[in-house]
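Residues per chain are reported as follows:
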Amino acid sequence: MPRTLAVANQKGGVAKTTTVATLGAALGELGQRVLLVDLDPQACLTFSVGIDPEDLDKSIHHVLRGGVKARDVLVEFDDAPDLVPATIELAHAEVQLARETSPEQVLRTALRPLVSSYDWIIVDCPPTLGLLTVNGLSAASDVLIPLQCETLAHRGVGQLLDTVYDVQRLTNPGLHVLGVLPTLYDARTTHARAVLDTIADTYSLDVLQPPIPKSIRFAEAPAIGETILTTAPASPGAKAYRALAGTLLH
Ligand code: ADP
Ligand code: MG
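Calculation criteria
Residues numbered from 1 in each chain as written. Chains lettered and ligands numbered in written order. Predicted model: local features only at pLDDT ≥ 70, side-chain atom pairs only at ≥ 80, totals over all residues. Heavy atoms only, no water. Pairing = 2+ DSSP bridges. Helix = DSSP H or I, 4+ residues; strand = E, 2+ residues; numbered from the N terminus. Axes fitted to C-alpha atoms, helices over the stretch in contact; angles between N-to-C directions. Parallel < 35°, antiparallel > 145°, perpendicular 65-115°, else oblique. Left-handed = near helix turned anticlockwise from the far one by under 90°. Contact = heavy atoms within 4.5 Å. Nonpolar A, V, L, I, M, F, W, Y, C, P; charged D, E, K, R; others polar. Buried < 20%, exposed > 50% of the residue type's maximum accessible area, 1.4 Å probe, protein only. Polar contact = N/O pair within 3.5 Å; in protein donor to acceptor, adjacent residues only side chain to side chain. Salt bridge = Lys/Arg side-chain N within 4 Å of Asp/Glu carboxyl O.

Engineer: Explain the sheet that holds strand S1 (residues 3-7) residue by residue, including any values.
Structural biologist: Read from one edge of the open sheet, six strands run S3-S2-S4-S1-S5-S6, paired in parallel fashion. Single-partner strands in this sheet number two, and they are strand S3 (82-84) and strand S6 (176-183). Pairs of neighbouring strands in the sheet enclose a mean axial angle of 25°, with direction left out of account.

Engineer: Could you give an account of the packing of helix H7 (residues 131-139) against helix H8 (residues 157-170), naming the residues involved and the relevant values?
Structural biologist: Packed helices, taken two at a time, are described by the angle their axes make and the gap between the axes. Put simply, H7 and H8 touch, their axes get as near as 10 Å, and they point 55° apart. As judged from the angle between their axes, H7 and H8 are oblique. Regarding H7 and H8, the two cross each other, and that crossing is right-handed. Residues Val134, Leu137 and Ser138 of H7 lie in contact with H8, whose contacting residues are Thr163, Val164 and Val167. Its residues assigned to classes, the contact of H7 with H8 shows four nonpolar, two polar and no charged.

Engineer: Could you give an account of the environment of Thr19, naming the residues involved and the relevant values?
Structural biologist: As for its placement among the helices and strands, Thr19 is situated in helix H1 (residues 16-29). For Thr19, a relative accessible area of 0% corresponds to the buried category. Taking the C-alpha atoms as reference points, Thr19 and Leu181, 162 residues apart in sequence, are found 9.2 Å from one another. When residues no more than four places from it in sequence are discounted, the contact partners of Thr19 are Gly24, Leu144, Leu181, Thr183 and Tyr241. One polar contact links the side chain of Thr19 to the main-chain carbonyl oxygen of Ala15, over a distance of 2.6 Å.

Engineer: Which residues make up the pattern of salt bridges, and what values go with them?
Structural biologist: In the structure shown here, the tally under the stated rule is six salt bridges. The partner of Arg169 in a salt bridge is Asp166, and the shortest N-O contact between them spans 2.9 Å. In this pair, Arg169 and Asp166 are both assigned in helix H8, three residues apart and thus about one turn of the helix distant. Note on Arg169: relative accessible area 60%, which makes it exposed. Where Glu220 meets Arg217, a salt bridge forms, and the shortest distance between an N and an O atom there is 3.2 Å. Of this pair, Glu220 and Arg217 are both found in helix H10 (residues 217-223), three residues apart, which corresponds to roughly one turn of the helix. Residue Glu220 is classed as partly exposed on the basis of its relative accessible area of 38%.

Listed below in structure tokens is the structure:
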């Protein structure tokens, strides 16, 4: 069975999508077979690996709606993780999922035929706590919470954890909170470290190492369908995600 990592935080702009793409690529560099799943109707992950969702006739949306297999929407790459892409139609999924008998379990069931082909499945959750995120959490073995280290950034962490506890109680007792990943981290400020300490203490969460440094290099890579691992391989940001991948593997 692969480790299935849900990357979740209902706050936007905290580097969920960047973490999914870059951590996935870093695990791939370590010889791991990696599948990325785009669960955000904005399809930023799909874009960021170089695919225009407009060019796709089928996506995760059709899989969740039923009648289409995950394997049939899979985009395979030779030198990068495979992808289950999203399209804008996924915006309708919450309403449609709600009509299912087990609305939280649809993704888990849909991914089941693929699990034997991968060592890691990494799910990019949308910036909400709705049914799509609950599906991501229900399909996952672990949840990773990217968090920008700024005051007020942790508002909402309690709500996210409540959702995680609901999922543990109702559908997925094995779901493990891997911890908080500090992102957009500016090591020059003591403020960032202080924020991190507050979160770790308040919620008794592990803080994953190393923090991902803030760098303009992160903005460039997805525009050309790559990650910082190839566009700036020696940068501190690339090194941080490689180190994180190493930590998760051992
Ligand atoms: P989310 O998926 O949580 O909304 P994204 O991964 O899309 O967040 O990141 C939001 C923005 O921040 C993007 O423009 C991305 O390029 C940028 N970004 C992500 N990580 C970093 C970083 N470590 N340093 C600087 N910019 C970053
Ligand atoms: Mg995103």
